[in-house]
Amino acid sequence: GNSVTQMEGPVTLSEEAFLTINCTYTATGYPSLFWYVQYPGEGLQLLLKATKADDKGSNKGFEATYRKETTSFHLEKGSVQVSDSAVYFCALKNQGGKLIFGQGTELSVKP
Amino acid sequence: DTAVSQTPKYLVTQMGNDKSIKCEQNLGHDTMYWYKQDSKKFLKIMFSYNNKELIINETVPNRFSPKSPDKAHLNLHINSLELGDSAVYFCASSHPGTANTGELFFGEGSRLTVL
């Protein structure tokens, strides 16, 4: 079946630190991959996506590359800010299928 | 203006009660969803409706009954509430063009606490 596994949180970083949140997936076929972000007290919103192998999704300084050989879609940012504190969800979707989320990784950025 | 709005935002109730959560979207989307987020932040789909028709129904107890009076509304009614129903329930919607790309638009969530 399809599933998504993320690194456990919480992740605590200082401002301007480098961020990596690992995400690996199991899927049949060739899924599309996503990162969603949930800021405190809000619903999820799409952060970035990649629809095929070797695609790189990017937004707001965040990047993730679709790696088929390692079935991974790790989220990175070169310099985090306090305002990036949120819960980050990796997700996948097969053609015509449901959007399946990982368990979420909480990020806390300290000034 | 809020694109996907849910009410109430917080709901505290006793075991055995029946409660409803309402959802409305003003984005003109055809597809709406209900997700349940547990205390560990794990997010799982419960139902999906496309133009008022049920298209996804996960293995959810039949105490949960979604109702879609029109494509802009998807309400969730829960009968005989149990402690394990305590969670945050998220409504979401998607446009036909983005449904296949996985872009969903979420409400702010409704936190249900069952005592």
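S.K.: Residue-level account of the pairing of strand β9 (residues 87-94) of chain B, with values.
M.R.: All names here are of chain B. Burial within β9 is extensive, with eight of its eight residues counted as buried. In β9, alternate side chains face the same way, and those of Ala-87, Tyr-89, Cys-91 and Ser-93 on one face and Val-88, Phe-90, Ala-92 and Ser-94 on the other are all buried. One ladder, built from seven bridges, connects strand β4 (residues 31-37) with β9; its direction is antiparallel. Across the sheet, the residue bridging to Lys-36 is Tyr-89, located in β9. The sheet contact formed by β9 and strand β11 (residues 110-114) spans three bridges and is antiparallel. Residue Val-88 lies in a different strand from β11, and its bridge partner there is Arg-111. Relative to strand β10 (residues 105-106), β9 runs antiparallel, the two being bridged by two bridges. Along β10, the bridge assignment pairs Ala-92 with Phe-106.

S.K.: Give me the lowdown on the sheet that holds strand β1 (residues 4-7) of chain B, citing residues and values where you can.
M.R.: Residue and element names in this part refer to chain B. One open sheet holds the four strands; their spatial order is β1-β3-β8-β7, and the pairing between them is antiparallel. At either end of the open sheet lies a strand with only one pairing partner, and these are β1 and β7 (64-70). Recorded for the sheet is a direction-independent mean angle of 20° between the axes of neighbouring strands.

S.K.: Mind laying out the interface of chain A and chain B, listing which residues take part and the relevant values?
M.R.: Taken together, the 19 residues of chain A in the interface contact 20 residues of chain B. For the chain A face of the interface with chain B, the top three residues by lost area are Leu-44, Lys-98 and Phe-101 of chain A, together amounting to 29%. Linking chain A with chain B are one salt bridge, by the criterion used here. One salt bridge in this structure joins Glu-58 of chain B and Lys-98 of chain A, with 3.4 Å as the shortest N-O distance. There are three residue pairs in polar contact (both at pLDDT 80 or more) connecting chain A and chain B. Among the secondary structure elements, those contributing two or more residues to the side of chain A that touches chain B are β5 (32-38), β6 (44-50), β10 (86-93) and β11 (99-101) of chain A. Tallied by class, the residues present in the side of chain A that touches chain B amount to eight nonpolar, seven polar and four charged.

S.K.: Outline the layout of surface pockets, listing residues and values.
M.R.: If you add up the space inside the largest pocket, you get close to 280 Å³. Along the walls of the largest pocket sit 18 residues, with Gln-38, Gly-41 and Glu-42 of chain A together with Lys-41 and Arg-111 of chain B positioned nearest its centre. When its residues are assigned to classes, the lining of the largest pocket shows seven nonpolar, five polar and six charged. Empty space within the second largest pocket amounts to approximately 240 Å³.

S.K.: Which residues make up the nonpolar core, and what values go with them?
M.R.: By size, the foremost hydrophobic cluster in this structure holds 26 residues, and its most contacted members are Trp-35, Leu-47, Leu-48, Phe-73, Leu-75 and Tyr-88 of chain A. Of all the secondary-structure elements, those providing two or more residues to this core are β2 (11-14), β3 (19-21), β4 (23-26), β5, β6, β8 (62-65), β10 and β12 (105-110) of chain A. Not counting residues up to four positions away in its chain, the partners in contact with Phe-73 of chain A are Cys-23, Leu-33, Phe-34, Trp-35, Leu-48, Lys-49, Ala-50, Ala-64, Thr-65, Tyr-66 and Cys-90 of chain A. Of all hydrophobic cores here, the second largest spans 19 residues; its members include Leu-11, Trp-34, Ile-78 and Cys-91 of chain B.

S.K.: Which residues make up unusual backbone geometry, and what values do they have?
M.R.: Residue Pro-10 of chain A is reached from Gly-9 of chain A by a cis peptide bond, and omega for that bond is -5°. Relative to the helices and strands, Pro-10 of chain A resides in the loop between β1 (3-6) and β2. The omega torsion across Thr-7 of chain B and Pro-8 of chain B is -5°, close enough to zero to call that bond cis. With respect to the helices, strands and loops of the structure, Pro-8 of chain B is situated in the loop between β1 and β2 (10-13). Positive phi is not limited to glycine here, since Glu-16 of chain A has a value of about 75°. Looking at where Glu-16 of chain A falls in the secondary structure, it is placed in the loop between β2 and β3. Overall, Glu-16 of chain A belongs to the exposed group, its relative accessible area being 60%. Located in the positive-phi region is Asp-54 of chain A, a residue other than glycine, with phi close to 75°. Taking relative accessible area as the criterion, Asp-54 of chain A reaches 54% and is therefore assigned exposed.

Rules behind the numbers
- Residues numbered from 1 in each chain as written.
- Chains lettered and ligands numbered in written order.
- Predicted model: local features only at pLDDT ≥ 70, side-chain atom pairs only at ≥ 80, totals over all residues.
- Heavy atoms only, no water.
- Buried < 20%, exposed > 50% of the residue type's maximum accessible area, 1.4 Å probe, protein only.
- Helix = DSSP H or I, 4+ residues; strand = E, 2+ residues; numbered from the N terminus.
- Pairing = 2+ DSSP bridges.
- Axes fitted to C-alpha atoms, helices over the stretch in contact; angles between N-to-C directions.
- Contact = heavy atoms within 4.5 Å.
- Buried area = accessible area lost by both parts, 1.4 Å probe.
- Salt bridge = Lys/Arg side-chain N within 4 Å of Asp/Glu carboxyl O.
- Polar contact = N/O pair within 3.5 Å; in protein donor to acceptor, adjacent residues only side chain to side chain.
- Nonpolar A, V, L, I, M, F, W, Y, C, P; charged D, E, K, R; others polar.
- 1 Å grid on protein atoms, 1.4 Å probe; cavity = no way out; pocket = protein on both sides within 12 Å on 5 of 7 lines; lining within 4 Å.
- Points joined across faces, edges and corners; volume = space filled by probe spheres on them.
- Core = buried A, V, L, I, M, F, W, Y, C linked by side-chain atoms within 4.5 Å.

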